[in-house]
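So you can see what is in the structure, the chains are spelled out below.
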Amino acid sequence: MSLDAHIERVLWTKFQISKRVTELASQITSDFSSPSPPPLLVGVATGAFLFLADLVRQIQLPISVDFIRAESYGSGTESSGAPRISLDLKLDVKDKHVILVEDIVDTGNTLSCLIKHLEAKGASSVSVCTFLDKPARRKVHFELLGDGKYYQGFECPDYFVVGYGMDFAELYRNLPYVGVLKPEYYN
C-alpha cells in the first residue's frame, strides 16, 4: 500500500514548500548580511532535518550548522510538556547568533527550553526559523534572545501532520509534502 493512502489530505505540496523555503533563506540572508559574525544554524533533530538541509543550501552566507535533540513526544501525538535535551550541541555558541531551525512550533514548551539552554551557554542572540507554526496550541510564551527574529514557513491548522521530516512513531518523514495523517493510523 502506498504511503499516500495514509494521508487524509495534503496541506502543502513539495512545490509550495520549496518556494517558501527559498523565501525564508532569502530573508535570513538579508537579515544577517552585515559584517557581524555569521550565524550558527541549529537544527532540532530529528523533525527539522529536511527543512534544515533545504534551508542552508539556499542561505548565501558563510554559516555553521549543528544539531540538538529535545524530546517531548515519544511515539504519541501529544507533547508530554516536559522536554529534555537528549543530544547537545557540538559547537560552542558563546557570543554567537544562533538560529534554531524547528519543524513545528506547537505548545512552545520545547522552544522555550531550547532558548533558555542556548542563553545559558552564552549565545548573544537566538532567532527561530520554524517550518510550521501552530499558534492555536500554544501554551508557553517564549521570548527570543537579544536581537532574535522569528521566521515562519506556514501557519498550520490544528491537525496531526506528517511528511517533510515530521513523523508519527518515526514513520512518514520521507513524504515530500506535508499532509494530515488519517486518524486510523495513529489512534
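Residues numbered from 1 in each chain as written. Predicted model: local features only at pLDDT ≥ 70, side-chain atom pairs only at ≥ 80, totals over all residues. Heavy atoms only, no water.

1. So, the overall build of the chain
Stated formally: Strands are runs of DSSP state E lasting at least 2 residues, helices are runs of H or I lasting at least 4, and numbering of each runs from the N terminus. For this measure, only C-alpha atoms enter the radius of gyration; the expected value for a globule follows 2.2 Å times N^0.38, where N is the number of residues. Accessible area is worked out with a 1.4 Å probe on protein chains only. A residue is then buried under 20% of its type maximum, exposed over 50%, and partly exposed in between. Two residues form a contact once any of their heavy atoms are found within 4.5 Å. The sign given to each residue is positive for Lys and Arg and negative for Asp and Glu; His and the chain ends receive no count. Taken as the charge location is NZ of Lys, CZ of Arg, CG of Asp or CD of Glu.
Assigned secondary structure in the chain consists of 3 helices and 9 strands. Counting from the amino terminus, helix and strand elements in the chain follow one another as β-α-β-α-β-β-β-α-β-β-β-β. The C-alpha radius of gyration of the chain comes to 16 Å, within 12% of the 16 Å expected for a compact globule of 187 residues. Considering only C-alpha atoms, the chain reaches an extent of 50 × 35 × 30 Å along its principal axes. A burial count over the chain gives 47% of its 187 residues as buried. The long-range share in the chain, meaning contacts at least 24 apart out of those at least 6 apart in sequence, stands at 67%. For the chain, the separation between the mean place of its 19 positive charges and that of its 23 negative charges on side chains is 2 Å.

2. Points about the sheet that holds strand 9 (residues 178-181)
In plain terms, the rule: Here the rule is simple: two strands pair whenever DSSP picks up at least two bridges between them.
Spatially, 3 strands are ordered 1-9-8 in an open sheet, and the strand pairing comes out antiparallel. The open sheet terminates on both sides in strands that have one partner only, identified here as strand 1 (7-12) and strand 8 (161-162). Note that strand 1 and strand 9 share 4 bridges and pair antiparallel. Bridged to Val10 within strand 9 is Gly179.

3. Details of the packing of aromatic side chains
Formally: Any Phe, Tyr or Trp ring, taking Trp's six-membered ring, that has another such ring centre within 6.5 Å forms a pair; planes under 30 degrees apart are called stacked, those over 60 apart edge-to-face, and the others tilted.
Across all of its chains, the model carries 8 aromatic pairs by this definition. Note on Phe160 and Tyr186: the rings are 5.2 Å apart at their centroids and 50° apart in plane angle, and the pair reads as tilted. Of this pair, Phe160 sits in the loop between strand 7 (150-155) and strand 8 while Tyr186 sits in the segment after strand 9, and the two are 26 residues apart along the sequence. Classification of Phe160 by relative accessible area gives buried; the value is 15%. Cluster of aromatic residues (ring-pair linked, three or more members): Trp12, Phe51, Phe131, Phe154 and Tyr164.

4. Section: the packing of helix 1 (residues 14-31) against helix 2 (residues 49-56)
The test is simple: Angles shown run from 0 to 180 degrees and are taken between the N-to-C directions of axes, each axis being a line fitted to C-alpha atoms and, for helices, limited to the stretch in contact. With respect to orientation, any angle under 35 degrees is reported as roughly parallel, any angle over 145 as roughly antiparallel, any angle of 65 to 115 as roughly perpendicular, and every other angle as oblique. Each crossing is labelled by how the near helix is turned from the far one, with a counterclockwise turn of less than a right angle marking it left-handed and a clockwise turn marking it right-handed. Any residue that is not Ala, Val, Leu, Ile, Met, Phe, Trp, Tyr, Cys, Pro, Asp, Glu, Lys or Arg is counted as polar, Gly included; the first ten are nonpolar and the last four charged.
With their axes 9 Å apart at the nearest point, helix 1 and helix 2 run at an angle of 60° to one another. Here helix 2 runs oblique to helix 1, going by the angle between their axes. Crossing of helix 1 over helix 2 shows right-handed handedness. Only Phe51, Asp54 and Leu55 of helix 2 make contact with helix 1, whose side of the interface consists of Val21, Leu24, Ala25 and Ile28. Grouping the constituent residues of the contact of helix 1 with helix 2 by class yields 6 nonpolar, no polar and 1 charged.

5. Regarding helix 3 (residues 109-120)
Here is the rule: Here the expected length of a helix is defined as 1.5 Å per residue gap, with one fewer gap than residues.
When the terminal C-alpha atoms of helix 3 are compared, their 17 Å separation across 12 residues agrees well with the 16 Å that a helix rising 1.5 Å per residue should span. Regarding helix 3, the residues found buried are Asn109, Thr110, Leu111, Ser112, Leu114, Ile115, His117 and Leu118. Contacts from the buried residues of helix 3 go to strand 2 (40-45), strand 3 (64-71), strand 4 (84-87), strand 5 (97-105) and strand 6 (125-133). Just downstream of helix 3, Gly122 is the residue with a positive phi angle, here 95°.

6. As for the pairing of strand 2
Within a regular beta strand, the side chains point alternately toward one face of the sheet and then the other, so they alternate between its two faces. Quick reminder of the rule: Assignment of crossover handedness uses the view with strands pointing away from the viewer, where a clockwise path from the first strand over the helix to the second indicates a right-handed crossover.
In terms of residue burial, strand 2 counts as a mostly covered element, since 6 of its 6 residues are buried. Where the polypeptide runs from strand 2 across helix 2 and back to strand 3, its parallel neighbour, the crossover connection is right-handed. Bridge count for strand 2 against strand 5 is 4 bridges, and the pairing is parallel. By the bridge assignment, Leu40 is partnered in strand 5 with Val98.

7. As for the nonpolar core
Worth spelling out the cut-off: Here the nonpolar core consists of buried residues drawn from Ala, Val, Leu, Ile, Met, Phe, Trp, Tyr and Cys, with membership extended through side-chain atoms lying within 4.5 Å.
Judged by nonpolar contacts, the single largest core of 29 residues is most densely connected at Phe51, Leu55, Phe131, Leu132, Val161 and Val178. Going through the elements one at a time, strand 1, helix 1, helix 2, strand 5, strand 6, strand 7 and strand 9 are the ones with two or more residues in this core. A per-element tally of this core places helix 1 first, with 5 residues. Phe51 has contacts with Val21, Leu24, Val101, Glu102, Cys129, Thr130, Phe131 and Tyr164, leaving out every residue within four places of it along the chain. Ala70, Leu100, Ala123 and Val128 belong to the second-largest nonpolar core, a separate cluster that totals 19 residues.

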